[in-house]
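# Topology and contacts: notes
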Amino acid sequence: MTYILGLTGSIGMGKSTTARMFEEFGCAVWDADAAVHRLYAEGGAAVAPMAEAFPGAIVDGAVSRESLKRIIADDPTALRRIEAIVHPLVAADRAAFLADIETDIAVLDIPLLFEGGHEAMLDGTVCVTAPAEVQRARVLERGTMSEAQFETILAKQMPDAEKRARATWVIETRTLEDARASVQAVVETIRRGMKDA
Ligand SMILES: CC(C)(COP(=O)(O)OP(=O)(O)OC[C@H]1O[C@@H](n2cnc3c(N)ncnc32)[C@H](O)[C@@H]1O)[C@@H](O)C(=O)NCCC(=O)NCCS
Ligand SMILES: Nc1ncnc2c1ncn2[C@@H]1O[C@H](COP(=O)(O)OP(=O)(O)OP(=O)(O)O)[C@@H](O)[C@H]1O
């Protein structure tokens, strides 16, 4: 039996970094953002439907994130239409990953886990968190997003406090050492529970 653990947290809270730690402890990880990257790449399943809905978003046979960000900035309702195309394709990618699992724990890194109503398919959830000013500084330091783009994404996400309240476990991502210790504790708790069950 595989324990299916959802991993979430708001933008820049440390999901990808924490997901790699779960890998270090022997969990298989599926990353929703990485799935979107595959779908947007040349030959990816999202290219044709996106080309139909947003012809201006296609550059060199792939969906361009830079173009999409401009489209969303001009028309915030575009994000919903993008999601309607992308999310069913992401769900199919996730189902293919889950069909092939050989580890005792599978981690699904899903930015919009609670917003998307994915809890029913999960055995437990982890929310990664850091103070709001740390989050803002991390996202803006990356230099891939303007302050306005950050605000648009943030406004669409469930507040951090609500995510923390809904999660089975909360992991603070202020330091790598503390986060790694928390990941280890979660993995051990799950493995103990599986042995007892
Ligand atoms: C808006 C886009 C173009 C921004 O691309 P960019 O490369 O700059 O950022 P990236 O994809 O790494 O997203 C950064 C973070 O923003 C947040 N975010 C992304 N998409 C969304 C969304 N639809 N709603 C709320 N938050 C989102 C997530 O926390 C994500 O980790 C891109 O995220 C996109 O095409 N999103 C629509 C597809 C989607 O819903 N993806 C979410 C994962 S299923
Ligand atoms: N435990 C931690 N201690 C210190 N810094 C961290 C920790 N976790 C993540 N970070 C830093 O925070 C930034 C964001 O981390 P990461 O890319 O993992 O977040 P994310 O939630 O996956 O982001 P996004 O939602 O944008 O995809 C990175 O610069 C990373 O180095």
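Note that the coordinates shown come from a computational prediction; the quantities given were computed from them, not determined experimentally.

For the rest of this paragraph, the subject is the sheet that holds strand S6 (residues 124-129). Within the open sheet, the five strands sit side by side as S2-S5-S1-S6-S7. Their pairing is parallel. Among the strands making up the open sheet, the edge pair consists of strand S2 (28-31) and strand S7 (169-172). Each neighbouring strand pair of the sheet contributes to a mean axis angle of 25°, computed without reference to strand direction. Bridge count for strand S1 (residues 3-8) against S6 is four bridges, and the pairing is parallel. When the bridges of S6 are listed, Thr8 appears paired with Cys127. Packing against the sheet, helix H1 (residues 15-24) makes contact with S1, S2, strand S5 (105-109), S6 and S7, and its axis sits at approximately 155° to S1.

Looking at the assigned domains, one finds that the protein contains domain 1 (1-27 + 105-197) and domain 2 (33-102). Taken over C-alpha atoms, the centre of domain 1 sits 22 Å from the centre of domain 2. Counting residues at the interface gives twelve residues for domain 1 and nine residues for domain 2. Between domain 1 and domain 2, a total of about 960 Å² is buried, with carbon and sulfur atoms accounting for 67% of that surface. Our count for the domain 1 to domain 2 interface comes out at one salt bridge. The shortest N-O distance in the salt bridge between Glu83 and Lys156 comes to 2.5 Å. If you look at where domain 1 meets domain 2, you find two residue pairs in polar contact (both at pLDDT 80 or more).

Rules behind the numbers
- Residues numbered from 1 in each chain as written.
- Chains lettered and ligands numbered in written order.
- Predicted model: local features only at pLDDT ≥ 70, side-chain atom pairs only at ≥ 80, totals over all residues.
- Heavy atoms only, no water.
- Pairing = 2+ DSSP bridges.
- Helix = DSSP H or I, 4+ residues; strand = E, 2+ residues; numbered from the N terminus.
- Axes fitted to C-alpha atoms, helices over the stretch in contact; angles between N-to-C directions.
- Contact = heavy atoms within 4.5 Å.
- Domains from an automatic or database assignment.
- Buried area = accessible area lost by both parts, 1.4 Å probe.
- Salt bridge = Lys/Arg side-chain N within 4 Å of Asp/Glu carboxyl O.
- Polar contact = N/O pair within 3.5 Å; in protein donor to acceptor, adjacent residues only side chain to side chain.

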